[in-house]
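Structural overview for review
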Amino acid sequence: MCTVTYLPLGNNDFILTSNRDETPLRTTIKPKEYIENGVTLTYPKDKLAGGTWIGLSDRKRLVCLLNGGFKNHTKKSSYKMSRGIIVKNILSAVNGVSFIEEFDFLDIEPFTLILVDWGLQLETYELVWDGEKKHFNKLNQEPKIWSSSTLYTTEMKQLRKQWFKDWLQKNKIFKQENVLKFHKSENLGTPETSIKMKRDFVETVSVTSVIKEESKVAISYFDFVEKLEKLSNV
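Residues numbered from 1 in each chain as written. Predicted model: local features only at pLDDT ≥ 70, side-chain atom pairs only at ≥ 80, totals over all residues. Heavy atoms only, no water.

1. Things to note about the overall build of the protein
Across its full length, the protein holds 4 helices and 13 strands. Taking 2.2 N^0.38 as the reference for a compact globule, 234 residues should give roughly 17 Å; the C-alpha atoms of the protein span a radius of gyration of 16 Å, in line with that estimate. A buried classification covers 53% of the 234 residues belonging to the protein. Here the contacts in the protein between residues at least 6 apart in sequence split such that 57% fall between residues at least 24 apart. Taken as a whole, the protein presents about 11600 Å² of accessible surface, with 49% of it coming from carbon and sulfur. Charge separation in the protein, taken as the distance between the mean sites of 35 positive and 30 negative side-chain charges, equals 1 Å. (Helix = DSSP H or I, 4+ residues; strand = E, 2+ residues; numbered from the N terminus. Rg over C-alpha atoms; globule rule 2.2 N^0.38 Å. Buried < 20%, exposed > 50% of the residue type's maximum accessible area, 1.4 Å probe, protein only. Contact = heavy atoms within 4.5 Å. Areas by Shrake-Rupley, 256 points an atom, 1.4 Å probe, with all protein chains shown as cover. Lys, Arg positive; Asp, Glu negative; His and termini not counted. Charge placed at Lys NZ, Arg CZ, Asp CG, Glu CD.)

Written out as structure tokens, the structure reads:
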């Protein structure tokens, strides 16, 4: 939920990969299918809150969330809804874009969200909720990296954008195995700022990568705490 890359492959195909930076004490259930509101969802579940930071829907939709908006914020004592529940609501909605446009996010903690929809053709959107206003935009089909504002300063974000730019220069053809190596990198910058990061109380606990190729969608999940690797075709 804290470092995300998006790679369009052409022909309505893509790879989206997400690192979850969290306390290793927080338990996660590996990705599996759930039926919610009559819709089949596939996602890794946060055992504490019951939500997720990344998931797939049989409505041909992917949603991925990062904590924080444009900048770090002061956390309130309580909010009306977990951000991880928002992810599931968008995944199961009849129309993800309409849900975002109509939903009142007031009193929900700031976040950044990527919506990928391939129901008719591949469309990718970015939603930034800064705690007061929603900033919702359709993105061009081009490579992009996001880093969570709650863990990374503006300077750190720029550094990571440069690392991604360097990776793009060396990888003209996008392959999932190569972008996974990037997401598992521990030798860029310092341990605190690297793509696979490690600090005193928070570290990269897992990597989730989704690849869509023609009618096939697969989710790969790597849990560094449980030493688990899982590959699922959706």
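2. Structural notes on the pattern of salt bridges
Evaluated as defined, the whole model comprises 13 salt bridges. The salt bridge involving Glu 109 is made with Arg 83; its shortest N-O contact spans 3.3 Å. Highlighted residues: Glu 109 in the loop between α2 (96-102) and β7 (111-117) and Arg 83 in helix α1 (residues 83-92), separated in sequence by 26 residues. No difference in accessibility class separates Glu 109 from Arg 83, as the two residues are buried. (Salt bridge = Lys/Arg side-chain N within 4 Å of Asp/Glu carboxyl O.)

3. Some details on α1
Extensive coverage of α1 is indicated by the burial of 8 of its 10 residues. Residues of α1 that are buried: Arg 83, Gly 84, Ile 86, Val 87, Lys 88, Ile 90, Leu 91 and Ser 92. Along its buried surface, α1 packs onto β3 (28-36), β4 (39-46), β5 (54-57), β6 (61-67), α2 and β7.

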